[in-house]
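One letter stands for each residue in the lines below.
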Amino acid sequence: KAVPISLHCWQGDDVRGFDTAPSKPLTGGIQTTGSYPGRARTPGELMADIDQVLRLIPGTPKLNLHASYAVFNEENGGWVDRDKLEPKHFAPWVEFCKARGLGCDFNPTFFSHPKCDPLTLASPSEETRQFWISHGKACIRISQYLARELGQSCTMNIWTGDGFKDIPADRMGPRMRYRQSIDEILSEPYDFRLVKPCVESKVFGIGVEAYTVGSAEFALSYAAMNRERCIPLLDNGHYHPTEVVSDKIPALLAFFPEIALHITRPVRWDSDHVVLFDDETREMAKEIVRSDALRRVHMALDYFDAGINRISAWTVGFRSWQKALLFALCMPHEELKRLQDAGNWTELMVRQEAVKMLPFGDVWSEYCRSCGTSEEGWFAQVKRYEAEVLAKRG
């Protein structure tokens, strides 16, 4: 119940944000599919939608913001470009979080912007690269502001879609520039107890199918060489289809005091489907619990489905990860470890299969009740909110 899970704001408006034209295309390896009605169009609408989700989920949520969700108004001087963002542009979100007892994580937005050429931190253009470095430094300052104001650490994730559509002639050059850019961003002063910068990898994306600068090897190596100022982030959609993040979690916990997760559901590739209570989701949660790492892993949801009701997408995903954690906490891990260490693989298989049939649903229902929500009836509230609010947005 007390384990914080970050609820990503970008599910509510299909990763559009509020700092560029509403009709802008998504670029940088990002794509959202679907046109379900009711997308949030303003900060107020997005906050109202998040409030509705908070009524439907158990546990301890945090908010997760992208820099593109800055709120510009007369009080803070209006619009500025991403390299000039300041904490004041996120004051309305701080007010929102304080009123609801939420912490807040943060992400620089290195995509969907005219200054993507198409590269950002890896660009050979020094002007472009410096623009995005300034953006990253601004996000460090904003993350420190969020952590201090809300009294919870802020995980600040560095991810870019930098890469090439076809086979490059130079793979080393972009990576060296990317490395230097991250070094410059992290030279901005911050308290590592409050701000947890992460480096996230990606295997490929739309328009960058042949080569991604921030590959798994690059991101993990950078985090390993800079443990005193950043941590690795694993997104379970950012690996080849036969790789599983559940196996990577204990491998990294053997070396890193803290790691971060972006929890999604890839279908054949990084498609960011709504998280379900499926096999890999459960295995990821099991590895966290088995490793006694509930306080060492920073957990955040990361998906965006524009083809279904967005409130339902948020709620199903959050509840699914909560279910996975609770299921893992119900497992007889010590007994299963004993069987493995004794080489009793026959009984281990029998016990692991038997656990699947235990009445976990009753435990989950009781957990929801103890949190003041329920497993039954929440979708009726979603449909009512759709009819009364979302359907009127046009």
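As a starting point, this report considers the structure included with it.

Moving on, we get to the side chain of Asp235. Mapped onto the elements, Asp235 comes out in strand S8 (residues 231–235). Of the side chains with opposite charge, Lys202 lies nearest to the buried Asp235, which makes no salt bridge, at 7.3 Å. Once you skip the residues sitting within four places of it in the chain, Asp235 turns out to touch Glu200, Val245, His262, Thr264, Asp270 and Asp302.

On inspection of all chains with the given rule, the structure shows 30 salt bridges. Between Asp183 and Arg229 there is a salt bridge, with the nearest N and O atoms lying 2.8 Å from each other. Of this pair, Asp183 sits in helix H4 (residues 172–185) while Arg229 sits in the loop between helix H5 (216–225) and S8, placing them 46 residues apart in sequence. Looking at Asp183, the relative accessible area reads 27%, which means it is partly exposed. Salt bridges sharing common partners tie together Arg41, Glu45, Asp49 and Arg393.

Attention now goes to the packing of aromatic side chains. Pairs of aromatic rings are described using the distance from one ring centre to the other and the angle between the two planes. This model, assessed by the stated rule, comprises 14 aromatic pairs. Ring geometry for Phe90 versus Phe106: centroids 5.0 Å apart, planes at 90°, classification edge-to-face. Residue Phe90 is located in the loop between strand S2 (60–66) and helix H2 (91–100), and its partner Phe106 is located in strand S3 (residues 104–107); the two are separated by 16 residues in the primary sequence. Phe106 shares its class with Phe90; the two are buried. On the basis of an interplanar angle of 80° and a centroid distance of 5.8 Å, the ring pair of Trp93 and Phe96 is categorised as edge-to-face.

Moving on: unusual backbone geometry. Most peptide bonds are trans, and most residues other than glycine sit at a negative phi. Cis geometry marks the peptide bond from Asp117 to Pro118, where omega comes out at 5°. Residue placement: Pro118 occurs in the loop between S3 and helix H3 (126–150). Despite not being glycine, Ser112 has its phi angle at roughly 50°, a positive value. Within the element layout of this structure, Ser112 appears in the loop between S3 and H3. With a relative accessible area of 5%, Ser112 lands in the buried category. A positive phi angle, close to 55°, is found at Asp272, a residue other than glycine.

According to the stated counting rule, one finds zero disulfides in the structure shown. Among the cysteines around Cys9, which has no disulfide bond, Cys104 carries the closest sulfur, lying 8.2 Å off.

With that settled, consider helix H1 (residues 43–54). Between its first and last C-alpha atoms H1 spans 16 Å; for 12 residues at 1.5 Å apiece the expected length is 16 Å, and the two agree. Of all the residues in H1, the buried ones are Glu45, Leu46, Met47, Asp49, Ile50, Asp51, Gln52 and Val53. Lining the buried residues of H1 we find strand S1 (4–8), S2, H2, helix H8 (310–330) and helix H12 (378–388).

The rules we used
Residues numbered from 1 in each chain as written. Predicted model: local features only at pLDDT ≥ 70, side-chain atom pairs only at ≥ 80, totals over all residues. Heavy atoms only, no water. Helix = DSSP H or I, 4+ residues; strand = E, 2+ residues; numbered from the N terminus. Buried < 20%, exposed > 50% of the residue type's maximum accessible area, 1.4 Å probe, protein only. Lys, Arg positive; Asp, Glu negative; His and termini not counted. Salt bridge = Lys/Arg side-chain N within 4 Å of Asp/Glu carboxyl O. Contact = heavy atoms within 4.5 Å. Phe/Tyr/Trp six-rings, centres within 6.5 Å; stacked < 30°, edge-to-face > 60°. Disulfide = S-S within 2.5 Å. Expected span 1.5 Å × (residues − 1).

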